[in-house]
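Descriptive analysis of the structure
Single-letter residue listing:
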Amino acid sequence: MTPGRARTMALVVAGAFFMEFLDGTIIATALPAMARDFGQPVVALSIGISAYLLALAVFIPVSGWVADRYGTRDVFTAAIVVFTGASMLCGLCSGLWTFVAARLLQGLGGAMMVPVGRLAVLRVTEKSALVGAIALLTWPALAAPVLGPPVGGFITTYASWRWIFLLNVPLGVAAIALSWALMPNLREDIRRKFDRIGFVLSGLSLSLIMEGMELVSDDAVGWLAAVVLVAGLALGVVAVRHLLRTPQPLLDLQVMQVPTFAVTVTGGTVFRVTIGTVPFLLPLLFQVGFGLDAFHAGMLVLSTFLGNIGMKPFTTWVMRRWGFRTSGIANGIAAALTMAVCAFLTPATPLPLLLVVLFISGLTRSMQFTVLNTLGFVDVPRPRMSGASTLASVAQQMSIGMGVALGAAVLHLVTLRHGGPPMLADFHVVFALMAVLMLAGLPFFFRLPREAGAEVSGHRPA
């Protein structure tokens, strides 16, 4: 495939990713309006979010096997068909349980869409062009959490919450047509046996861990959160033992022997979890701590999105100049510093200074995501690319869910000091703690040689 066609395909896949990632964040602002239409309390609508995350946790591990069996183009386009059809059903629902069923179906489509789409791009992209391709695939995960709340609020206020889902239909149709035209149907010649035990164990473990993290911040079910988390972790240990011993595992844990990939799963998960608290904490800081309304708080958060986009033209140059190791360490420190600075923001902070801090935060966030997402695949052999893509997707999806849950849980625990609603000082403590935790992921980078990924980055150590 020519470089131009491969880049166009990456753009199409990134567009599908954006549709899927946006859908996971945009719904939050529409819950009150949906609850009124369904005749349900707002809290009951949270099951729609949980159902979506549950489907992702269960079905992402199986995506690599399905892609190897039926081909990347067929599975990716089928996933968009399922996601688009489920979106239409969500927009037409008139009751809570039909909505939950549609969200489960939508999660199934999303679970196949992201890892298979990335796998398709990785298989047709030359290593010299990998940084640019991964940068394209990274921006949806950066932009969606920031754009979701204000876009969802605008659509819900000035149109109807149903359009949040119905707008996916024309976008999905376009993505299906372009994917079918541009994407080769790559599959593995050797068919692997389906690992049923691994599927059950990994699905149950990941589901329980995600649900347990969501329950941590709820006083009424604190004991239940502990039980669910312990059960999920215990099943996870059993699942790992099975996956390491079975000849054809559902998740290829052996790929963790590749040092560059292991760094993105271990240290990368620490970074993704901590940075994943930002889209949750910043809007609350501006609304609860600063006293701003939702619209103005959302507009401030958009400054981080501008930083995300502003960094994209420079990522390739930075990695060529300093390499993956130095870029990851230096930028990780910078990201932690911007998180720490947020612990000193007050309503009296000058607006220009506030915008600069948020913009720089977006720059560092974007750079680190690109470093991690590219570094993970630079040394993975092509026969193991499917397993690596699936395992990376599991780690990233868990990180996204755990980031929001961690931010909510830590904020809840901090407020126990005074027993009331969150105050400005509580947010300061949480941001400081997240900055320290983010630094905990940096030692993994120090284990890498300076020339790690040089074939992809173009960096030549002195």
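The structure displayed is predicted, hence computed values, not measured ones.

Okay, the pattern of salt bridges next. Across all of its chains, the model carries 3 salt bridges by this definition. Close ionic contact of Arg-123 with Asp-68 constitutes a salt bridge, the shortest N to O distance being 3.1 Å. With Arg-123 in helix 6 (residues 96-124) and Asp-68 in helix 4 (residues 63-70), this pair connects stretches of sequence that are 55 residues apart. With relative accessibility at 10%, the residue Asp-68 sits in the buried group. Here Arg-73 ties to Asp-74 by a salt bridge, and the two come within 3.5 Å at their closest N and O atoms.

Before going further, it helps to examine helix 12 (residues 259-275). The end-to-end C-alpha distance of helix 12 is 23 Å, a good match for the 24 Å that 17 residues give at a rise of 1.5 Å each. Taking burial as the measure, the 17 residues of helix 12 include 13 buried ones, the bulk of the element.

This next bit is on the packing of aromatic side chains. In total, this model carries 11 aromatic pairs according to the counting rule given. On the numbers, 5.9 Å between centres and 70° between planes, the contact of Phe-99 with Phe-165 is edge-to-face. A residue pair is termed long-range when its members are at least 10 positions apart, and Phe-99 in helix 6 and Phe-165 in helix 8 (residues 162-166) qualify at 66 residues. A single burial state applies to Phe-99 and to Phe-165, both of which are buried. Relative to Phe-165, the ring of Trp-161 has its centre 6.3 Å away and its plane inclined at 85°; by these criteria the two rings are edge-to-face. Judged by its relative accessible area of 2%, Trp-161 falls in the buried class. Here Phe-165 falls in the buried class, since its relative accessible area comes to 1%. Site record: aromatic cluster; members linked through ring pairs are Phe-38, Phe-99, Trp-161 and Phe-165.

Before going further, it helps to spend a moment on the side chain of Ser-207. With respect to the secondary-structure elements, Ser-207 resides in helix 10 (residues 196-215). At a separation of 2.7 Å, a polar atom in the side chain of Ser-207 contacts the main-chain carbonyl oxygen of Gly-203. If near-sequence neighbours (up to four positions away) are discounted, Ser-207 is found in contact with Leu-54, Ala-57 and Val-58.

The rules behind these values
Residues numbered from 1 in each chain as written. Predicted model: local features only at pLDDT ≥ 70, side-chain atom pairs only at ≥ 80, totals over all residues. Heavy atoms only, no water. Salt bridge = Lys/Arg side-chain N within 4 Å of Asp/Glu carboxyl O. Helix = DSSP H or I, 4+ residues; strand = E, 2+ residues; numbered from the N terminus. Buried < 20%, exposed > 50% of the residue type's maximum accessible area, 1.4 Å probe, protein only. Expected span 1.5 Å × (residues − 1). Phe/Tyr/Trp six-rings, centres within 6.5 Å; stacked < 30°, edge-to-face > 60°. Polar contact = N/O pair within 3.5 Å; in protein donor to acceptor, adjacent residues only side chain to side chain. Contact = heavy atoms within 4.5 Å.

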